[in-house]
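Coordinate analysis (summary)
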Amino acid sequence: MMNTTCGWRLANAALVAVLAVGACAPANTVPAAATGGATPTPEESREQAYAIPAGYGTLRQDEFTLTLRDGDLLLKVTPLEESVIRLAAPDTYQRLKAMADSRMQQARDAIFAGEPELMLVSFFSYSPDVTYRPEELQVMHQGRLMRPVSILPVTSGWGRGRLQQREVQNAVFVFDEDLDYAQPMTVRYGPRTSDDWSAIIPTLERERARVRARAGS
């Protein structure tokens, strides 16, 4: 009888100890299983996108380019983000990657910290003697208004600021703030805006799934 009573008291004491430890645990402790469905950060999303192999994409450049027209002036804005251009057809990917790589050090020198965001911007004219003002291009993203910190010419006549009929001038625009390309963004030039990126996002997601399937097979 003494052994049974003693055992019951020991079991009770152990239960009290377990409850006491639980009561002392931090209130903000989250079970491991609860974190499984957490929304990835922009950095995590970018790393997941980088995991996509190059050479399996099929998209044309225009399929991930924002287009904006102001009178006789046509603007095209193409992100040079690796996770985006890897979804392009191989020849397009190699061309855009080479363009980004050749200007990356200049872009890094133009910002204070972190990695620069690069965009290829093209100006095209439907009429002769049309002016363009590159400094007026802005990007609105997640409540931020972003202006380029540097503009790196691609074509030789960039600095003239004028276009002849059917002439194209290109430059790489450098931004010093991170962009989450899985989220909407708007391009503004003067009074004109384009928010086509919202329609481009599903195209990128579908192609990303196809690339993984092609690479896996």
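The structure we're discussing is the one just above.
Everything in this summary refers to the structure shown in the same document. (Residues numbered from 1 in each chain as written. Predicted model: local features only at pLDDT ≥ 70, side-chain atom pairs only at ≥ 80, totals over all residues. Heavy atoms only, no water.)

1. Here's the deal with the sheet that holds strand β11 (residues 192–194)
Heads up, the rule is: Here, a strand pair is defined by DSSP locating no fewer than two bridges between the strands. Each helix corresponds to a stretch of at least 4 residues labelled H or I by DSSP, and each strand to a stretch of at least 2 residues labelled E; elements are numbered beginning at the N terminus. Axis lines are fitted to C-alpha atoms, over the contacting stretch for helices. Their N-to-C directions set the angle, which ranges from 0 to 180 degrees.
With antiparallel pairing, four strands are arranged side by side in an open sheet as β6-β5-β10-β11. On the outer flanks of this sheet lie β6 (144–146) and β11, each paired with one strand and no other. Within this sheet the neighbouring strands show an average axis-to-axis angle of 25°, counted without direction. In the sheet, strand β10 (residues 185–189) pairs with β11 via three bridges, with the strands oriented antiparallel. When the bridges of β11 are listed, Y189 appears paired with R192.

2. Description of the environment of R147
Heads up, the condition is: Note on contacts: a residue pair qualifies if any of its non-hydrogen atoms lie within 4.5 Å across the two residues.
Position of R147 among the secondary structure elements: in the loop between β6 and β7 (150–153). Considered as a pair, R147 and E136 are eleven residues apart in the sequence and their alpha carbons are 8.2 Å apart. Not counting the four nearest positions on each side in its chain, R147 is found in contact with Q138 and F175.

3. Examining the pattern of salt bridges
For clarity, the threshold we go by: Whenever Lys or Arg places a side-chain nitrogen within 4 Å of a carboxyl oxygen from Asp or Glu, that contact is recorded as a salt bridge. A simple rule labels every residue: compare its accessible area, found with a 1.4 Å probe on the protein chains alone, to the largest value its type can have, and call it buried under 20%, exposed over 50%, or partly exposed in between.
Counted by the stated rule, this structure contains 13 salt bridges. In this structure, E136 and R133 form a salt bridge, with 2.7 Å as the shortest nitrogen-oxygen distance. Judged by its relative accessible area of 28%, E136 falls in the partly exposed class. Residue R160 pairs with E167 through a salt bridge whose shortest N-O separation is 2.5 Å. By relative accessible area, R160 is classed as exposed at 52%. Through salt bridges with shared partners, one network takes in E82, R86, K97 and D101.

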